[in-house]
Amino acid sequence: MIFNPAEENEYEAVCGLLVHRFEQWAWENGIHADPFVVEAALDYRHLGTPDGRLGLWDQRHIEEFLLDWVPRTVTVLPDEEPADAPGTLRCLLRYLDAVHLADPRGASLPEVLEAVDGAAPHYAEAMADRSLWGLAKFWITTAAEQGVDVHDEQALQDFVGRAQGGEVPYDPEVLQTIVERHMRSSGPVRSEPQLPVALPGDDVLREQAGRSPVLRQLRELAEWAGRDRRTLTGSGRLRLSDARELVERLDTGDDTDSVRSSADLPRLNLLVEWAKTARLIRVVKGRLYAVAKAEPVLNDPLALWRRAFDAFRELPSPVRGGRGGRYGESVLFDEYDMYGVVLPDVLATLYSLPYPMPWPGLRDTVALAHRSSSPLEVFATDSIGFGQADDDLRTVLSVLEDLGAIERHQGTGDPVFADLAMSENDLEGWAGIPTEDDDGLETPSGILPGMPTGLAGLLDDALLGETLSGDAMVDGAPPDDALSSGALLDDEATQRARKRKSELSSGPVELIRLTDLGTDSVRRRLLAEGRDAPLIGELAQASPAGLLGVLADHYDPESARVELAAWIAVHGDRSAALEQLVHAVRTMPFRTRAEAMLDVLVSLLDDGELLLRSLRSDSSLAPTALSLLARREILTPEDLTEPESLIMVAESLLQLCEATGADGVREVLRQQGREAEEALRAALASGHPDREGLAELQALAECVPRERETHVGLVQQRGHRENGRRGGKRRR
């Protein structure tokens, strides 16, 4: 289960449905749980994590939700008892498992319950720690503690006025801590979904790692340093004689003829810094020696490769050369965070691509991202500008190629890259210059939907002191030099776009792709960051419902077909495996989810349509099968029997209820009037197998006439007020 951040209406409907069904399940099982905590937990996974997968929970999610998200976002007024968030979370995790909504790639049910037990003893302390609160919670609680009715908008406005005037006592140190934390953390950014990747086993990866030139150099450097230790110069560098020996031994390619210091040997310096960062060698009291605890890693090519890959991102920036190198400064390294921003973005861009990335596309992606986040004058006033950044990026790619993380060769780029060439309007957006479609997109950070306007202003005041500078704006407009710099950047970007199109269409270009080793390590990094990175084959032991749910939500058709075939191969003969999968759809209590699961199953099977037609007579799955047959235009309305037509009406209303919530169904019934009411009565009499869903429709059917009567009465009253006489115009 996953929703894009922009799909707020869809998310709200499903969230409401899950909370409602959870409450019913908890009541039936004699469990006391707080639905507000359930909603907060779903909001945390939807809004507070990079991947947004509602059904996937592991230890880090549980700890962050209980010890950070709830203390920061859930307000407990002075006369209220804090909710039992750990207890309710336990129930939610059990519910997700019971209704087959738990993502099989997360921790198992026993593991997540154990994680809740581990975090629960610290929950009360975290809730009481005011420094962990959010800004909204701080001010709401402060107001309530001073006797303000926080549900009274005017009373809250009066409180805000006193606070802005310095008349409200509060703890300034706590507020300062909250504001500083708020400014440091922009919150999680929803990560782009990644396509599933296929990887060989560790034995194959280990053999590939053994061929890496960089690993050979790092291993020999550690062996050279040895346990006897090598004396360094007073400035902590290699002695020149030792450096010359290493250049030859490691075959670094550095020119040693005219150098006067080892500082002028960029590739050797890179390897030394790399080995230090990877904890293979270290310096103690002016001497360099190998780290004894690193010996097992040095003897395992795959372990050494992974450590070297991780260490590369932590290097200070030696790849551009020493003091005698080509550049004294580097735009890409000094002005932009090469290792913290550029390199992860480059690797994530290359990850899971079905075809190699052309150099012009990668080069300009980095350049445009850089110019959108850097001071405008960096490129506008520097004649080296983009060219130097391109050279720096090429240097980094060369080192990654030597490591074995990427491969480069000449060839023709896939036509999709030419199609992605940006328009001039796109370039303006990259540069941070508003376009005609950007109106109204700005939202103050920290302001929550539905927050009282007065409190929102108070939060703005708390943040303004941290963010505004006196000369940043002049009467709300950017300085003239910024506008002129922006014009120069637009010209530069337009020229680069034209150059890129020409390069991609005129002949062979350099093509870049991740190797298996690179893909493996990037995937490990993505997972460590909490992002979704599917691996073909990882679902082989998943439950049938878990398999179909993940395939429906996260897999492209080709990868899903491979994954399904692997699952079937593990689960006995084909007919038995298919029966397990069909049974998973049959027992899924959510209509839209069941249809998505059946849809992905029949789409991936060569005989999928035959299976779908056979389910038309299945007492439980007939509604789902009929809905899919109609969506695929295999059946027309004329092909349906009268009972099937009634079942289709019921199925449509049940799916509408899940997708839009009860309010959406009520609105349809109000707008379509008697015709919709007749459809609702037909649905209730259809014999649809979802008894729980029909009960919810029955409840809607009973309340809609009363709502219509109330609605008409309100319109009559509004007409009386507006027209100044009784019996104003009635509106439907």
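Computed from a prediction, not measured in an experiment: that's the story for all the values here.

Engineer: Explain the pattern of salt bridges to me, and be specific about the residues and the numbers.
Structural biologist: Considering all chains together, one arrives at 37 salt bridges under this definition. Taking the shortest distance from any N to any O, the salt bridge between Asp-51 and Arg-45 comes out at 2.9 Å. The two residues Asp-51 and Arg-45 agree in class, both being buried. One salt bridge connects Arg-53 with Asp-532, and the closest N-O pair in it is separated by 3.1 Å. Taken together, the residues Arg-53 in the loop between helix H2 (35-47) and helix H3 (59-73) and Asp-532 in the loop between helix H25 (516-528) and helix H26 (544-554) connect sequence positions 479 residues apart. For the pair formed by Arg-53 and Asp-532, the shared burial category is buried. Overlapping salt bridges bring together Arg-45, Asp-51, Arg-53, Asp-103, Arg-105 and Asp-532 as one network.

Engineer: Please provide a residue-by-residue account of the nonpolar core, values included.
Structural biologist: With 82 residues, the main nonpolar core has Trp-57 and Phe-65 as its most contacted residues. Here the element with the most residues in this core is helix H1 (residues 8-28); it accounts for nine residues. Excluding its chain neighbours within four sequence positions, the residues that come into contact with Phe-65 are Val-37, Ala-40, Ala-41, Tyr-44, Trp-57, Val-70, Pro-71 and Leu-89. Core analysis: the second largest hydrophobic core is formed by 67 residues, Leu-298, Leu-304, Leu-362 and Val-399 among them.

Engineer: Describe in detail the sheet that holds strand S1 (residues 230-231), supporting the description with residues and values.
Structural biologist: Spatially, the three strands line up as an open sheet ordered S1-S3-S2, and their pairing is antiparallel. Lying at the two open borders of the sheet, with one neighbouring strand each, are S1 and strand S2 (281-284). Here S1 pairs with strand S3 (residues 287-290) via two bridges, running antiparallel. Looking at S3, one finds that Thr-231 is bridged to Arg-287. Helix H11 (residues 213-225) rests against S1, S2 and S3 of the sheet, and its axis sits at about 120° to S3.

Engineer: Break down the packing of aromatic side chains for me, citing the residues and quoting the values.
Structural biologist: For the structure shown, the criterion picks out 14 aromatic pairs. Note on Phe-3 and Tyr-11: the rings are 6.1 Å apart at their centroids and 70° apart in plane angle, and the pair reads as edge-to-face. Accessibility assignment for this pair places Phe-3 and Tyr-11 in one class, buried. Aromatic ring contacts, followed pair by pair, group Tyr-44, Trp-57, Phe-65 and Trp-69 into a single cluster. One cation-aromatic arrangement involves Arg-45 over Trp-57; the distance from NZ or CZ to the ring centre is 6.0 Å. Directly above the aromatic system of Trp-359 lies the positively charged group of Arg-394, at a separation of 4.1 Å from the ring centroid.

Engineer: Any chance you could break down the environment of Val-38 for me, citing the residues and the numbers?
Structural biologist: By secondary structure assignment, the location of Val-38 is in helix H2. Each residue touching Val-38, except ones within four places of it in the same chain, is listed here: Val-19, Phe-22, Thr-88 and Leu-92.

Engineer: Outline unusual backbone geometry, supporting the account with residue identities and numerical values.
Structural biologist: Despite not being glycine, His-100 has its phi angle at roughly 65°, a positive value. Note that His-100 resides in the loop between helix H4 (85-98) and helix H5 (109-119). You can call His-100 partly exposed: its relative accessible area is 33%. Positioned with a positive phi, Asp-251 is a non-glycine residue whose angle comes to about 55°. Mapped onto the elements of the fold, Asp-251 is located in the loop between helix H12 (240-250) and helix H13 (266-277). With a relative accessible area of 59%, Asp-251 lands in the exposed category.

About the thresholds
Residues numbered from 1 in each chain as written. Predicted model: local features only at pLDDT ≥ 70, side-chain atom pairs only at ≥ 80, totals over all residues. Heavy atoms only, no water. Salt bridge = Lys/Arg side-chain N within 4 Å of Asp/Glu carboxyl O. Buried < 20%, exposed > 50% of the residue type's maximum accessible area, 1.4 Å probe, protein only. Helix = DSSP H or I, 4+ residues; strand = E, 2+ residues; numbered from the N terminus. Core = buried A, V, L, I, M, F, W, Y, C linked by side-chain atoms within 4.5 Å. Contact = heavy atoms within 4.5 Å. Pairing = 2+ DSSP bridges. Axes fitted to C-alpha atoms, helices over the stretch in contact; angles between N-to-C directions. Phe/Tyr/Trp six-rings, centres within 6.5 Å; stacked < 30°, edge-to-face > 60°. Lys NZ or Arg CZ within 6 Å of the ring centre and 35° of its normal.

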